[in-house]
Amino acid sequence: ERVPLSDGAWLLRGFALDVDAALMQAVDAIAHAAPFRHLTTPGGFRMSVAMTNCGRMGWVSDRRGYRYERLDPCSGQPWPKMPACFVALASRAAADAGYPGFDPDACLINRYVPGARLTLHQDRDEARLEAPIVSVSLGVPASFLWGGLDRRDSTQRHALAHGDVVVWGGASRMRFHGIAPLRQGWHPAAGDIRINLTFRCAG
Ligand code: MD3
Ligand code: FE
């Protein structure tokens, strides 16, 4: 099912269900090489969401700001390679939503435990803002907050469930968005956590 969310943004319900086991296994392998960590915001707060990356570039945050880095600051090594099943899913989803030829160089992996949240923000650290972002939800469902182009605009809520894929492009690319505190829950593929993959053209 393909649900229009707003200009250029599409919710592809269940789009990743046929590859969920491969995705979860790949996340485990990536986290083995580049462990999930709680980044610090430029303001000095510890993020409740734990993060890691794969691909040529990885998103990091510390007291110096937000940016993409080629090396994992924890290890000094390049981020793990983006698995073939990640690239295949992301480009298939983007094409389905009207963005053919999507070739992401970064995948940010977010891990939510109960209570973890992502406050309203824009994604604007990427070099190619004309490219869409593809996000894949796995595990416990989340309440996604969908705002406007101004932080003060009202927000809508959408449930994002295991296997849902969203493609955010065009006029939706710069909208404010976030994740409400994760509710206690259980999913057989992930336990009590939620994993989100976001594919970006960052470099
Ligand atoms: C809309 N992640 O990592 S995915 C993020 O579920 C992020 O972990 C959330 O926001 C998560 O930056 C939401 C949905 C999403 C991701 C990127 C977007 C929506 C977006 C970029 C622009 C507009
Ligand atoms: Fe975001």
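Let us look at the structure shown here.

Conventions adopted
- The written sequence of each chain sets the order in which its residues are numbered from 1.
- Chains and ligands are labelled by the order in which they are written, letters from A for the one and numbers from 1 for the other.
- Given that the model is predicted, a residue must reach a pLDDT of at least 70 before its local features are reported, and side-chain atom pairs must reach 80 or more before they are shown or counted; all residues, however, enter totals for whole chains, interfaces and linings.
- To get the side-chain values, take all heavy atoms of the structure and skip hydrogens and water.
- Note on definitions. A residue lies near a molecule or strand when any single heavy atom of the residue is within 4 Å of it.
- Side-chain atoms alone can form a polar contact between residues adjacent in sequence; in general such a contact is a pair of N or O atoms within 3.5 Å, and within protein one must be able to donate a hydrogen while the other accepts it.
- Accessible surface area values rest on a Shrake-Rupley calculation with a 1.4 Å probe, where residue burial reflects the displayed protein chains alone.
- Metal coordination here is assigned from N, O and S atoms located within 2.8 Å of the ion, or within 3.2 Å for Na, K and Ca; omission of water means that sites may look incomplete.
- Numbered from the N terminus, helices here are DSSP runs of H or I no shorter than four residues, and strands are runs of E no shorter than two.
- Burial classes follow relative accessibility: with a 1.4 Å probe on protein chains only, a residue under 20% of its type's maximum area counts as buried, one over 50% as exposed, and anything between as partly exposed.
- The salt bridge definition used is simple: a Lys or Arg side-chain nitrogen within 4 Å of an Asp or Glu carboxyl oxygen.

### Comments concerning the site of ligand 1
Link 1 in the chain: Taken together, 19 residues lie near ligand 1, and Asn110, Tyr112, His177, Arg194 and Arg200 sit nearest.
Link 2 in the chain: The side chain of His121 places a nitrogen or oxygen atom 3.2 Å from an oxygen atom of ligand 1.
Link 3 in the chain: In this structure, Asp123 approaches ligand 1 through a side-chain N or O atom, which is 3.1 Å from an oxygen atom.
Link 4 in the chain: Burial of ligand 1 by the surrounding chains reaches 98%, relative to a free accessible area of 490 Å².

### Thoughts on the coordination of the iron ion (ligand 2)
Link 1 in the chain: Looking at the iron ion (ligand 2), the protein donor atoms are His121 (NE2), Asp123 (OD) and His177 (NE2), and they sit 2.0 to 2.2 Å from it.
Link 2 in the chain: Each donor residue of the iron ion (ligand 2) belongs to the same chain, with the gaps between them written as H-x1-D-x53-H. Here Asp123 is found in the loop between strand S7 (118-121) and strand S8 (133-139), whereas its partner His177 is found in strand S12 (residues 177-179), with 54 residues between them in sequence.
Link 3 in the chain: You can call Asp123 buried: its relative accessible area is 8%.
Link 4 in the chain: Residue classification places His177 among the buried residues on the basis of a relative accessible area of 15%.

### Overview of the pattern of salt bridges
Link 1 in the chain: As enumerated under the stated definition, the model contains 13 salt bridges in all.
Link 2 in the chain: Of the charged contacts, one joins Asp18 and Arg92 as a salt bridge, the two residues approaching to 3.8 Å between their closest N and O atoms. Of the two residues, Asp18 sits in the loop between strand S2 (9-12) and helix H1 (20-33) while Arg92 sits in helix H2 (residues 84-96), which places them 74 residues apart along the sequence.
Link 3 in the chain: Judged by its relative accessible area of 39%, Arg92 falls in the partly exposed class.
Link 4 in the chain: Taken together, the shared-partner salt bridges in this structure form one network comprising Asp62, Arg64, Arg67 and Glu69.

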